[in-house]
Amino acid sequence: MMRRYSKQHGRPERDRRKNYSDSDSDSDTECKGYDRSEFWRRKMRTVHNILDVNKDGLISFSDFQLLSERFKSLGHLDDKQAKEFTDIIKLTWEEQWGPIDPYNFVTVEQYLEDMHHVLNDKTQKKRAHRWLPYLFKAVDKDKSGFISVNEFKLFFKCLGLTNEHAAVAFAVIDINGDGKLSMKEFVNLGKDFFYTEDESRVSKMFWGPLSEI
């Protein structure tokens with residue numbers, strides 16, 4: 001089962017302590033991912049900032065909804081795909097962060113901790129990023145099965161990033177220089193961003209410029 005963490009504002013302190021003491025981590029250091037490189041933690045802070053659509057410093061389910069609506073509003077997903085995408089976004093939130101309510105949110109520190117646990121659990125790791133194919137389909141405007149640099153710009157636009165950032169990132173991650181990314185390439189790059197601590201991997205460009213904090 002996916003580990004459930006409470007971030008509910010105003011929850012009694014003893015309950016919050018209980019949630020953390022129930023963790024199977026060996027130490028607080030491991031729990032918060034501090035045994036991972038600063039490069040990896042920087043990448044996770046980058047994604048947290050992207051997922052924090054309203055920029056209040058916290059990720060909530062409403063942020064997830066806002067982000068998914070940006071992709072669906074492009075109009076390239078059919079009704080079936082749009083519903084599947086909505087369902088997967090909801091399921092991903094519930095499995096990783098629990099109940100859907102306005103007081104359930106994820107801080108940067110919590111996100112680092114959660115992603116650390118996800119990557120250490122094969123079952124969680126396998127299903128944590130199953131929404132990536134829907135991002136690809138949403139920006140594959142011509143439904144060719146490949147995305148061009150212009151379609152990749154749509155991806156970055158939905159993430160709240162610029163065309164310039166998209167062009168630079170695409171030039172780096174398009175390793176074979178054919179001017180297009182297949183769904184397999186796209187999904188693998190998106191996953192590799194979370195999995196690797198190797199600073200030489202081009203996947204570091206997938207979610208845009210890395211956080212400076």
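Our subject is the structure that appears above.
Being a predicted model, the structure only gives us computed values, none of them experimental.

A. Focus on helix α8 (residues 132–139). Taken across its eight residues, α8 has seven buried, putting it largely inside the fold. Regarding α8, the residues found buried are Leu132, Pro133, Tyr134, Leu135, Phe136, Ala138 and Val139. Residues of α8 that are buried in the fold lie against α4 (61–72), α5 (79–97), β3 (146–147), α9 (149–159), β4 (181–182) and α11 (183–195).

B. Focus on unusual backbone geometry. You will see that Lys55, though not glycine, has its phi angle at about 55°, which is positive. With respect to the helices and strands, the residue Lys55 is situated in the loop between α3 (38–51) and β1 (59–60). The class for Lys55 is partly exposed, based on a relative accessible area of 48%. One non-glycine residue with positive phi stands out, namely Lys143, at about 55°. Locating Lys143 in the fold gives a position in the loop between α8 and β3. The exposure class of Lys143 is exposed, given its relative accessible area of 57%.

C. Structural context of the packing of aromatic side chains. If you walk through the whole model with that rule in mind, you get 21 aromatic pairs. Each ring, one from Phe152 and one from Phe206, has its centre 6.4 Å from the other, and the planes form 70°; the classification is edge-to-face. Here Phe152 is found in helix α9, whereas its partner Phe206 is found in the segment after α11, with 54 residues between them in sequence. This pair shows no difference in class: Phe152 is buried, exactly as Phe206 is. Ring pairing ties together the aromatic residues Phe71, Trp131, Phe136, Phe152, Phe155, Phe156, Phe170, Phe186, Phe193, Phe194, Phe206 and Trp207, which thus form one cluster. The positively charged end of Arg36 is found above the aromatic ring belonging to Trp40, 4.9 Å away from the centroid. The ring of Phe146 carries the charged tip of Lys180 above its face, separated from the ring centre by 4.3 Å.

D. Structural context of the pattern of salt bridges. Inspection of the entire model under this criterion finds 11 salt bridges. Across the salt bridge formed by Lys83 and Asp87, the nearest N and O atoms sit 2.8 Å from each other. Taken as a pair, Lys83 and Asp87 lie in helix α5 at a separation of four residues, close to a single helical turn. Here Lys83 falls in the exposed class, since its relative accessible area comes to 52%. The salt bridge involving Glu95 is made with Arg127; its shortest N-O contact spans 3.6 Å. Residue Glu95 is located in helix α5, and its partner Arg127 is located in helix α7 (residues 122–127); the two are separated by 32 residues in the primary sequence. You can call Glu95 buried: its relative accessible area is 14%. Note on Arg127: relative accessible area 22%, which makes it partly exposed.

Thresholds, definitions, all that
Residues numbered from 1 in each chain as written. Predicted model: local features only at pLDDT ≥ 70, side-chain atom pairs only at ≥ 80, totals over all residues. Heavy atoms only, no water. Buried < 20%, exposed > 50% of the residue type's maximum accessible area, 1.4 Å probe, protein only. Helix = DSSP H or I, 4+ residues; strand = E, 2+ residues; numbered from the N terminus. Contact = heavy atoms within 4.5 Å. Phe/Tyr/Trp six-rings, centres within 6.5 Å; stacked < 30°, edge-to-face > 60°. Lys NZ or Arg CZ within 6 Å of the ring centre and 35° of its normal. Salt bridge = Lys/Arg side-chain N within 4 Å of Asp/Glu carboxyl O.

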